[in-house]
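Notes for the structure review
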Amino acid sequence: MTAADAKTELPQATGSCCSPSGSCHDGAAAETGRSAGVTTVYQVTGMTCGHCEGAVSEELSALPGVTSVTAVAATGQVTVVSEAALDEAAVREAVDEAGYELAGLAS
């Protein structure tokens, strides 16, 4: 290898989104996030875009005990991770406040 070749090679970052396994996520970090709390997947109607996802996520994130929210407009599913089970009425109110409708738990 010449000095010129050495300059063009970049070291593989550990723990980055470009992991040595080729995954976009570090599996250890993902498992750590899943082990804490209660994960519930809700079905929400009316979401059509990223703005909708953001509005629902923002309202649900404000609920006490919620640690993570992932909304997907294409499927209408909203995954909520919380310290304990959430009151469905509170979830329904938050989704309504965002301008959408809680259809219930996802199947």
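Notes on the structure in this doc start here. (Residues numbered from 1 in each chain as written. Predicted model: local features only at pLDDT ≥ 70, side-chain atom pairs only at ≥ 80, totals over all residues. Heavy atoms only, no water.)

This brings us to the overall build of the protein chain. Of the regular secondary structure elements, the protein chain holds four helices and four strands. Ordered by position in the sequence, the α and β elements of the protein chain form the string α-α-β-α-β-β-α-β. The buried share among the 107 residues of the protein chain stands at 25%. The long-range fraction of contacts in the protein chain, counting pairs at least 24 apart against all pairs at least 6 apart in sequence, stands at 59%. (Helix = DSSP H or I, 4+ residues; strand = E, 2+ residues; numbered from the N terminus. Buried < 20%, exposed > 50% of the residue type's maximum accessible area, 1.4 Å probe, protein only. Contact = heavy atoms within 4.5 Å.)

This next bit is on the pairing of strand β2 (residues 66–72). With six bridges connecting them, β2 and strand β3 (residues 77–82) associate as antiparallel partners. Residue pairing for β3: V72 is matched across the bridge by Q77. Adjacent in sequence and paired antiparallel, β2 and β3 are bridged by four residues, among which G76 carries a positive phi angle near 80 degrees. (Pairing = 2+ DSSP bridges.)

With that settled, consider helix α4 (residues 88–98). Residues of α4 that are buried include every one of V91, A94, V95 and A98, and no others. One side of α4 carries all its buried residues, which in axial view fall inside an arc of 95 degrees. In α4, the exposed positions that point more than 90 degrees away from the buried face belong to E93 and E97. Buried positions along α4 lie against β1 (38–45), α3 (50–61) and β4 (101–105). Positive backbone phi, at 100 degrees, marks G99, one or two positions downstream of α4. (Arc of directions from axis to C-beta.)

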